[in-house]
Amino acid sequence: MLDAWEKGLGRPPVERPLPLLSAFTGEGTEALSLLSIGRRDAALLALRESVFGPRLVCVASCPACGERLELTLEVRELLVGQQTEQTEQPSTISLETGGYEVSFRLPTTSDIAQLAISQDKDVEWARQMLLARCVQSATLGGAEVGVLNLPSNVLEAIAERMGVEDPQGDLQLSMRCPACAHGWQEAFDIGHFIWGELNAWATRTLGEVHRLARAYGWREADILSMSPLRRQMYLDMVGE
Ligand SMILES: [Zn+2]
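Note that the structure is a prediction, hence the values are computed from the model and not measured.

Trainee: Tell me what's going on with the nonpolar core, and back it up with residues and numbers.
Mentor: Side chains of nonpolar character tend, in soluble globular proteins, to be buried together. Ranked by internal contacts, the top residues of the largest apolar core, which has 31 residues, are Leu56, Leu78, Phe188 and Ile190. Here this core takes 6 residues from helix α9 (residues 190-216), the largest share from any one element. Among all residues touching Leu78, those that are not within four sequence positions of it are Leu45, Leu56, Leu73, Gln168, Leu171, Leu173 and Phe188. If you look at the next biggest cluster of nonpolar residues, it comprises 16 residues, including Val102, Phe104, Val154 and Ile158.

Trainee: A description of the coordination of the zinc ion should follow, citing residues and the corresponding values.
Mentor: Ligation of the zinc ion by protein atoms is provided by Cys62 (SG), Cys65 (SG), Cys177 (SG) and Cys180 (SG), these donors lying 2.3 to 2.4 Å from the ion. Note that the zinc ion binds 4 donor atoms; their angles at the metal cover 106 to 113 degrees, and the shape is tetrahedral. Coordination of the zinc ion draws on donor residues from a single chain, spaced C-x2-C-x111-C-x2-C in sequence. Highlighted residues: Cys62 in the loop between β1 (55-61) and β2 (68-74) and Cys180 in the loop between β7 (171-176) and β8 (183-188), separated in sequence by 118 residues. Accessibility expressed as a relative area gives 36% for Cys180, which makes it partly exposed.

Trainee: Tell me about the side chain of Ser110, and please be specific about residues and values.
Mentor: Summarising the element assignment, Ser110 is placed in helix α6 (residues 109-115). Residue Ser110 is classed as buried on the basis of its relative accessible area of 12%. Other than its neighbours up to four places away in sequence, Ser110 contacts Ser33 and Leu34.

Trainee: Lay out the pattern of salt bridges in plain terms, naming residues and giving numbers.
Mentor: Within this structure, the stated rule accounts for 10 salt bridges. In this structure, Asp222 and Arg219 form a salt bridge, with 3.2 Å as the shortest nitrogen-oxygen distance. The class for Asp222 is partly exposed, based on a relative accessible area of 38%. When salt bridges with common partners are traced through the structure, they connect Arg105, Asp111 and Arg133 into a single cluster.

Trainee: So what about a nonpolar patch on the surface? Which residues, and what values?
Mentor: Together, Tyr216, Leu229, Met233, Met237 and Val238 make up an exposed nonpolar region whose accessible area comes to about 500 Å². The element contributing the most residues to the nonpolar patch is helix α11 (residues 228-238), with 4 residues. One can find Tyr216 in helix α9. Note on Tyr216: relative accessible area 35%, which makes it partly exposed.

Trainee: Now, about the sheet that holds strand β5 (residues 135-140): what can you tell me, with residues and values included?
Mentor: In space, the 4 strands of this open sheet follow the order β3-β4-β5-β6, with antiparallel pairing throughout. Looking along the sheet, the strands with just one partner apiece sit at the ends: β3 (93-97) and β6 (143-144). Sheet analysis places β3 next to strand β4 (residues 100-104), joined by 5 bridges and oriented antiparallel. Its bridge partner being in β4, Thr97 is matched across the sheet by Tyr100. Lying on the sheet, helix α7 (residues 123-134) is in contact with β4 and β5; it crosses β5 at an angle near 90 degrees. Relative to the sheet, helix α8 (residues 152-165) contacts β3, β4 and β5, its axis offset from that of β3 by approximately 140 degrees.

Trainee: Talk me through the pairing of β8; I want residue IDs and the actual numbers.
Mentor: As paired strands, β7 and β8 are joined by 6 bridges and run antiparallel to one another. Bridge pairing links Arg176 to Gly183 in β8. Linking two consecutive strands that pair antiparallel, namely β7 and β8, is a turn of 6 residues; a positive phi of about 65 degrees is found at Ala181 within it.

Trainee: Please give an account of the pairing of β4 that cites residues and values.
Mentor: By the criterion of burial, β4 is predominantly enclosed, with 4 of the 5 residues buried. Turn length for the β3-β4 hairpin, with the two strands adjacent in sequence and antiparallel, is 2 residues, and the turn residue Gly98 shows positive phi of about 50 degrees. Pairing geometry for β4 and β5, over 5 bridges, is antiparallel. Looking at the pairing, Glu101 lines up with Thr139 of β5.

What counts, and at which threshold
Residues numbered from 1 in each chain as written. Predicted model: local features only at pLDDT ≥ 70, side-chain atom pairs only at ≥ 80, totals over all residues. Heavy atoms only, no water. Core = buried A, V, L, I, M, F, W, Y, C linked by side-chain atoms within 4.5 Å. Buried < 20%, exposed > 50% of the residue type's maximum accessible area, 1.4 Å probe, protein only. Helix = DSSP H or I, 4+ residues; strand = E, 2+ residues; numbered from the N terminus. Contact = heavy atoms within 4.5 Å. Donors = N, O, S within 2.8 Å, 3.2 Å for Na, K, Ca; no water. Tetrahedral: all angles 85-135°; square planar, octahedral: opposite > 155°, others 65-115°. Salt bridge = Lys/Arg side-chain N within 4 Å of Asp/Glu carboxyl O. Patch = residues over 30% accessible without salt bridge, like charges linked within 9 Å, V, L, I, M, F, W, Y side chains within 5 Å. Areas by Shrake-Rupley, 256 points an atom, 1.4 Å probe, with all protein chains shown as cover. Pairing = 2+ DSSP bridges. Axes fitted to C-alpha atoms, helices over the stretch in contact; angles between N-to-C directions.

Listed below in structure tokens is the structure:
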């Protein structure tokens with residue numbers, strides 16, 4: 001897990017959980033980055049359950065009054081539909097709307113990483129570029145149409161169909177503020193969440209190695225291979 005954390009550190013945020021997923025599934029990070037976001041997130045939720053347990057504690061702020069909310073979720077509550085490894089996911093999806101015929105595929109981690117979405121870039125621009133990457137062909141009355149020339153209602157229809165085909169890819173939690181009763185939808189990103197946990201765990205573990213190595217002169221590998229109970233007992237004896 002420390003290796004996976006170290007490999008994740010050097011990647012763009014959206015790709016950071018991939019080395020961990022790779023370590024647990026045996027799939028290469030390259031192959032994982034080509035899974036649809038929903039398929040990837042379903043695998044990350046399964047990984048989260050087996051590594052850190054089924055319960056997740058999330059924090060959010062009410063957009064109306066700023067109240068801080070803490071909510072506890074179970075992994076199974078976050079799984080959308082009956083998606084499993086075995087379920088076939090179409091590689092190409094066809095759509096007909098308003099005379100346009102469009103073929104597209106579902107967005108992947110690789111697509112999002114290559115957009116290099118940064119804070120200063122327009123969210124709408126990023127969304128259009130993502131759709132543009134995923135559209136394989138578009139025609140109107142048999143004539144080829146450039147992706148960027150597609151009308152917004154066609155882009156809208158594509159985005160909506162992506163959500164239907166890959167429901168796990170855009171997880172929205174229904175929130176209600178206990179202080180002011182404001183209701184809203186909060187996006188939940190398991191990749192971001194699990195990376196936060198891995199990062200905290202790795203930082204804590206390195207701190208423990210540091211304290212024991214300094215006190216006893218043990219090697220990192222020996223400290224890491226110790227059972228958690230014994231490591232904790234030595235840490236208690238070393239004190240602060
Ligand atoms: Zn509120």
